Amino acid sequence: MRDEVDRLVASWRSERPDLDFSPLEVLSRITRISRHLDIARRKAFADLGARGFDVLAALRRVGDPYQLSPGALMQETMVTSGTMTNRLDRLEELGLITRKADPKDGRGSLVRLTKSGMRAVDAAMEDLLQRESEFLIPLSKTELTQLASMLSKLAAPFDEQGQ
């Protein structure tokens, strides 16, 4: 037996040989990996919090001038207006973003990544990628490509449903 899931499935198969345990073999492993991934992400985002990282990452990904409206950030991070306001308040207090009036919309504002915000999100991303790379060490490049493709195939229906 290679892992804990193998042990669990073997026990179930001896008790219920009439059932197909292949979903359990795949999805229990995904759940177990997810728990460890959550821990690694919390460590990588310790200074920003995962929620702060989401906002900063959205700003970083759009490119120069690294700014979006709060509405666009809400869409990127899939949170409510009140939640976004709280996140922006915290990030602004930390000096990681600035907010200014939108010259194209007198009632709107623009959120911009500061130099400190850029350094913070870049450092968090580098830390995250290092931690996540360690999860994948046992896989060859070919296996990694195949796994990414298969997981994309599994995840696509959820993305289509907006979940």
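For the structure, check the block above.
Residues numbered from 1 in each chain as written. Predicted model: local features only at pLDDT ≥ 70, side-chain atom pairs only at ≥ 80, totals over all residues. Heavy atoms only, no water.

A. Molecular detail of the overall build of the protein chain. When helices and strands are tallied, the protein chain shows seven helices and three strands. For 163 residues, the compact-globule estimate of 2.2 N^0.38 gives 15 Å, and the C-alpha radius of gyration of the protein chain, at 21 Å, exceeds that figure by more than 25%. The C-alpha extent of the protein chain, read off along each of the three principal axes, is 70 × 30 × 30 Å. For the protein chain, long-range pairs separated by at least 24 residues make up 48% of all intrachain contacts whose partners lie at least 6 apart in sequence. Of the roughly 11500 Å² that the protein chain leaves accessible, carbon and sulfur atoms contribute 54%. Across the protein chain, 25 positive and 25 negative side-chain charges occur, with their mean positions spaced 3 Å apart. (Helix = DSSP H or I, 4+ residues; strand = E, 2+ residues; numbered from the N terminus. Rg over C-alpha atoms; globule rule 2.2 N^0.38 Å. Contact = heavy atoms within 4.5 Å. Areas by Shrake-Rupley, 256 points an atom, 1.4 Å probe, with all protein chains shown as cover. Lys, Arg positive; Asp, Glu negative; His and termini not counted. Charge placed at Lys NZ, Arg CZ, Asp CG, Glu CD.)

B. Inspection of the nonpolar core at higher detail. By size, the foremost hydrophobic cluster in this structure holds 24 residues, and its most contacted members are Leu56, Leu59 and Leu73. No other element matches the six residues that helix 3 (residues 49-61) contributes to this core. In this structure, Leu73 is in contact with Val55, Ala58, Leu59, Leu68, Met84, Leu88 and Val111, ignoring residues within four places of it in sequence. (Core = buried A, V, L, I, M, F, W, Y, C linked by side-chain atoms within 4.5 Å. Buried < 20%, exposed > 50% of the residue type's maximum accessible area, 1.4 Å probe, protein only.)

C. Layout of the packing of aromatic side chains. This structure, assessed with the given rule, holds two aromatic pairs. On the numbers, 4.1 Å between centres and 20 degrees between planes, the contact of Phe45 with Phe53 is stacked. Across the pair, exposure class does not vary: Phe45 and Phe53 are buried alike. (Phe/Tyr/Trp six-rings, centres within 6.5 Å; stacked < 30°, edge-to-face > 60°.)

D. Up close: a nonpolar patch on the surface. On the surface, Val26, Leu27, Ile30, Ile33, Phe135, Leu136, Leu139, Leu147, Met150, Leu151 and Leu154 cluster together into a nonpolar patch covering about 900 Å² of accessible area. Among the secondary structure elements, those contributing two or more residues to the nonpolar patch are helix 2 (22-44) and helix 7 (141-160). If you trace the backbone, Phe135 turns up in helix 6 (residues 115-135). Of the residues examined, Phe135 reaches a relative accessible area of 33% and is grouped as partly exposed. (Patch = residues over 30% accessible without salt bridge, like charges linked within 9 Å, V, L, I, M, F, W, Y side chains within 5 Å. Salt bridge = Lys/Arg side-chain N within 4 Å of Asp/Glu carboxyl O.)

E. Expanded view of the side chain of Arg29. Mapped onto the elements, Arg29 comes out in helix 2. Those residues in contact with Arg29 that lie beyond four places of it in its chain are Arg2, Asp3, Val5, Asp6 and Leu24.

F. Representation of helix 5 (residues 81-93) within the structure. With 13 residues, helix 5 extends 18 Å from end C-alpha to end C-alpha; this agrees with the ideal 18 Å at 1.5 Å per step. Along helix 5, the residues classified as buried are Met84, Arg87, Leu88 and Leu91. One face of helix 5 carries all of its buried residues, which in axial projection span an arc of 100 degrees. The exposed residues of helix 5 that point more than 90 degrees off its buried face are Asn86 and Glu93. Packing partners of the buried residues in helix 5 comprise helix 3, helix 4 (70-77), strand 2 (97-102) and strand 3 (105-113). Gly95 sits one or two positions beyond helix 5 and adopts a positive phi of about 75 degrees. (Expected span 1.5 Å × (residues − 1). Arc of directions from axis to C-beta.)

G. Representation of the environment of Met118. Note on placement: Met118 falls in helix 6. Measuring from C-alpha to C-alpha, the distance between Met118 and Leu59 comes to 9.0 Å, with 59 residues separating the pair along the chain. If sequence neighbours within four positions are ignored, Met118 has contacts with Arg60, Tyr66 and Leu113.

H. Spotlight on the pairing of strand 2. The pairing of strand 2 with strand 3 spans six bridges and is classified as antiparallel. Its bridge partner being in strand 3, Asp102 is matched across the sheet by Asp105. Counting the residues that bridge the hairpin from strand 2 to strand 3 gives two residues. (Pairing = 2+ DSSP bridges.)

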